[in-house]
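Results of the structural survey
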Amino acid sequence: MIAGFAESFLQALAAGLLAGAIYGLMCVGLALIFGVMRVINFAHGDFMMLGMYAAWYLLTATGIQAVFGGIVGPFVAIALATPLLVLFGWLVHRTLIARVTGRRTAQLEGEGHYAQLILTLGIALILQNGGQIVFGSVLVSIRTPLSSSAWEIGPLWGDLVSIFVNKARVAAALVSVATMVLLALLIARTALGRSLRAAADNPEAATYMGIDVDRAYRVAFGLGAGITSVAGGLLALNYPFQPHIGLEYVIVMYAGVVLGGMGSIVGAFWGGMTIGLVQQLSILVLPTQLQNAAIFVVFLLIVFLRPQGLFGRLTERT
Amino acid sequence: MTKAPAIRSLAPVLLFAAAYAVIAVVVTNSYYQLMLTLVLLWACFGLSWNLLSGYTGLVSFGHAAFFGIGAYTAALGQIHLDLSPWLLIPAAGVFGGLAGLLIGVPTFRLRSHYFALAMLAYPLALYYVFEWLGYQEVTLPMKRENAAAYMQFADPRIYTLLALALLVGVVLLTLLIERSRFGMALLAIKQNEAAAEAAGIDTLAWKLRAIALSGAVAGAVGAFYAVVQLVVTPVAVFGMLVSAQALTVTMFGGVGTVWGPVIGAATLIPVAEILHAELGARFPGIQGVIYGMAIVVVILLAPEGIFWKVRDFLRRRRPAEATPLPQAAPAPAPAAPARSDRAGAVILEVRGLSRSFGGLRAVQDVSFAVREGEILGIIGPNGAGKTTAFNLLNGFLRPDAGEVLLDGRDMVGRKPHVLCRAGVGRTFQVMRPFARMTVADNVVVGAYVRAASDAEARMLADDAIARVGLTAVAGRLAAELTTRELRLMELARALAGRPRILLLDETLAGLGPAEAADVVAAIRRLAADGITIVIIEHTMHAMVRLVDRFVVLDHGAVLVEGAPETVTRDPRVIEAYLGRKWAAHAAG
């Protein structure tokens, strides 16, 4: 009895950590955009969907699979899809988002937000439905031989408890953490990272210091899209997807970003991790259908009890 | 208000309704008829969203929560209790309103982005709960006999007419609110919540009323939607697209106006539906793409919606006559009465007030008393804690220690609007005008705290505007005023609430000497009328001629207190302002 519970608990914990690592990366992409430019990007889930399809096409239609094989190939495809999404994000910002955000609208209270909210909502609609026209609505997935095999951990405690972890998910989690580390280094150590941080902290002062704030915004938007595209590709190793998948995950992303403290990038990773854990561990006590409801309940609790997020500090700009 | 404007705004509503009814009766194609019904329903839903988000500026991403609750009320009530929609639609309104209150009480603690995102979570959580409860697809039972009693009509035109009645009801409700103290309070909250609170508006109470009303309308619309569609699924009523729909039609048409959602729904819904019907088979999702593109284009060209764009365009077409030149000629300032004999009993007393922000002790152990009828100046260099002291006085901040006694009663922990009601008015260092409102409307907002009726509020406001000499520009938008006029307008807004004490935060900042003299004259007139005034300033210059007494703050503590002549010569004051060297210089 106890062993049985321990087993399902450990199994759920492992699943939560592995899912959480990917969710964390997703959230980081969104947090980068929000943190730097205070834009709520409704289309972020759909950017992720594009990243998934980009990786899928690269893998299946360009011969990457043949060259790199079934195990490494998907990761190469995901890596190659990233710059495409960075470019896409950069273009979307340059042509659309920049026209309603940035320094010109930084002064606007309240009403300035409307425009960007609805603009990204419009972009989301175009991407979702356009995706349906272009990609069709058949479920596809990036399969690797790893997706259907697992390591067995255990048996622990004699022969009673043993848990299984999917190899593809482990690999995805590792890649996700590595990406996160790379991004953290980029932000902490490079001139580009410095300009991002400066633009996030005080756009006006950054401008006076000779930092091109609008460029920093473009970079943040592109980078945010790219990061989330990596997370999407990793997710696709185990989950089939279709053009409307963005809608499911944009919620996870927002929950994670708020949990982590809006604007905090490292916090967003842990926020996403928390969401993954909550989602998987809730299986132990709740029916499966309520798994996602649990996310929202936790999300609401955090928002009320600690609006600055679990890991955030209060840096409300007034 | 007179009756003429009310009729002028009713006429277009009735015209629209009549025209729509004619179209509805003429159209026989049942598909187009359904579209006519849906346009009205989504317009109503947009209006419900507008009631909360359009007027208060708090964007809700979760209006599907109310809509879905309404839809399931109608469906489940008819299935399990065999009740008629005639009863269930009002019931759904009640449930929607209750849900609004339940959601509002905790969620209004959050601001801007946090509020918007928290709202997102409610319908999605409900979505999963209803799915789990086994309501994946609920079909309303058909009633062969007694169909009309169950709102089931063979002729789809009746649904359109019912929806039209609902829309007219909601439009009238919105118009009523827009013109009343309710609407004024919401607009004030949208423009500047802090200023609204300081003007005596109980912002939380009004926001709760707004969300309850908004939820009630959304609930009723959801119920009606269920009756029209006959099938209710979680995704169709709690889905993200439902919330987005409310937002989209309103923002497309125009935020914060009764016509916005109507224009938005009437444009977007048919476009989307027709595209879907024409091209849906070959390009699934084509309506979503076009819909998205329409939104993007409108946002880039008319970010606040079509209504405002057209209105601004029309306004530009007929200029001149609407904007008379300002001819503000304030009455000459009365000679300052002898100072010493004005001060009466202690009206406001501060004892041991302290407040820290992290390690910074912004205000420490500050005590002083304000006597009835005097003009007290609080001065001190930048960062001395003057504004913090005001924020503690009028309830924006809670002191860590100390008392604020108004007529001997401790007011610590009261909200700003309560203090305003008790007679403490204030203005702000950074001016907080309601930019989109006229001067008169700006001032009316401040008057409601003392007025029982709209008419009385107008009277108080007109009086306050006259007292500061702004009558000539009363009809202009606040955004068009000069700094001097804005300062005077803020003064009038605080005055309209008939305060006994007026806290003025750097009212002279940013004014040239001549303009400052104008404002000083206005303040003097108020003092002469018996209002006690506490004024903050960091320059002493204009103040010396104005105040009866100074309290000098430095590093959050009281440095000196006394008559202007003594304070300006005090070496400690000179040192605080100019540094030690100059203090020695002045002393020598």
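A brief report on the enclosed structure follows. The structure presented is a predicted model; accordingly, all values stated were derived computationally and were not measured.

**A word on helix α2 (residues 30-56) of chain B**
Residue and element names in this part refer to chain B. Its 27 residues give α2 an end-to-end C-alpha distance of 38 Å, which sits within 8% of 39 Å, the value for a rise of 1.5 Å per residue. The principal kink in α2, of about 45 degrees, is found at Asn50. Among the 27 residues of α2, 23 are classified as buried, and the element is accordingly described as predominantly covered. Two or three places before Tyr31, at the start of α2, stands the capping residue Asn29, its side-chain oxygen 2.7 Å from that residue's backbone nitrogen. Positive phi shows up at Gly57, right after α2, with a value of about 80 degrees.

**Here's the deal with the packing of helix α2 (residues 44-61) of chain A against helix α3 (residues 64-95) of chain A**
All names here are of chain A. The geometry of α2 relative to α3 is characterised by a closest axis approach of 7 Å and an angle of 140 degrees between their N-to-C directions. Relative to α3, the element α2 is oriented oblique. Helix-helix and strand crossings are classified by hand; for α2 and α3 the assignment is right-handed. Split into classes, the residues belonging to the contact of α2 with α3 amount to 16 nonpolar, four polar and no charged.

**Here's the deal with helix α10 (residues 265-281) of chain A**
Residues and elements named next belong to chain A. Over its 17 residues, α10 extends 24 Å from the first C-alpha to the last, a length consistent with the 24 Å expected when each residue adds 1.5 Å. Here α10 lies mainly inside the structure; twelve of its 17 residues are buried. Taken residue by residue, α10 has Ile265, Gly267, Ala268, Phe269, Gly271, Gly272, Met273, Ile275, Gly276, Val278, Gln279 and Gln280 as its buried positions. For α10, the secondary structure elements touched by its buried residues are α1 (2-37), α5 (167-189), α9 (245-260) and α11 (291-305).

**Here we look at the interface of chain B and chain A**
Think of interface size as the accessible area that goes away when the parts come together; that is how it is often given. The partner chain A presents 43 residues to the 49 residues of chain B that form the contact. Where chain B abuts chain A, roughly 4200 Å² becomes buried across the two surfaces, and 80% of that area is made up of carbon and sulfur atoms. There are zero salt bridges connecting chain B and chain A. There are zero residue pairs in polar contact (both at pLDDT 80 or more) connecting chain B and chain A. Elements represented by at least two residues in the side of chain B that touches chain A include exactly α2, α4 (85-107), α5 (112-132), α7 (181-191), α11 (240-253) and α13 (286-301) of chain B. In terms of residue count, the dominant contributor to the side of chain B that touches chain A is α5 of chain B (13 residues). Split by residue class, the side of chain B that touches chain A holds 34 nonpolar, eleven polar and four charged.

**Observations regarding the sheet that holds strand β12 (residues 557-562) of chain B**
Residue and element names in this part refer to chain B. On the basis of which strands lie adjacent, the open sheet formed by six strands has the order β8-β9-β10-β5-β11-β12 and mixed pairing. Across the chains shown, the open sheet's two edge strands, defined by having one partner strand only, are β8 (424-426) and β12. With direction set aside, neighbouring strand axes in the sheet form an average angle of 20 degrees. Two elements, β8 and strand β9 (residues 501-505), share three bridges in a ladder whose sense is parallel. In the strand pairing of β9, Gly425 is matched with Leu502. Together, β5 (375-379), β9 and β10 (532-537) form the strand contacts of helix α20 (residues 513-528), whose direction differs from that of β10 by roughly 150 degrees.

**Things to note about empty space enclosed by the protein**
By rolling a water-sized probe across the atoms, one finds the places where empty space is left. The final tally for this structure, using the stated rule, is ten cavities of 30 Å³ or more. Taken as a whole, the largest cavity encloses approximately 100 Å³ of empty space. When its residues are assigned to classes, the lining of the largest cavity shows nine nonpolar, two polar and one charged.

Calculation notes
Residues numbered from 1 in each chain as written. Chains lettered and ligands numbered in written order. Predicted model: local features only at pLDDT ≥ 70, side-chain atom pairs only at ≥ 80, totals over all residues. Heavy atoms only, no water. Helix = DSSP H or I, 4+ residues; strand = E, 2+ residues; numbered from the N terminus. Expected span 1.5 Å × (residues − 1). Bend = angle between axes of the 7 residues up to and from the residue. Buried < 20%, exposed > 50% of the residue type's maximum accessible area, 1.4 Å probe, protein only. Polar contact = N/O pair within 3.5 Å; in protein donor to acceptor, adjacent residues only side chain to side chain. Axes fitted to C-alpha atoms, helices over the stretch in contact; angles between N-to-C directions. Parallel < 35°, antiparallel > 145°, perpendicular 65-115°, else oblique. Left-handed = near helix turned anticlockwise from the far one by under 90°. Nonpolar A, V, L, I, M, F, W, Y, C, P; charged D, E, K, R; others polar. Contact = heavy atoms within 4.5 Å. Buried area = accessible area lost by both parts, 1.4 Å probe. Salt bridge = Lys/Arg side-chain N within 4 Å of Asp/Glu carboxyl O. Pairing = 2+ DSSP bridges. 1 Å grid on protein atoms, 1.4 Å probe; cavity = no way out; pocket = protein on both sides within 12 Å on 5 of 7 lines; lining within 4 Å. Points joined across faces, edges and corners; volume = space filled by probe spheres on them.

Geometry only, nothing functional implied.
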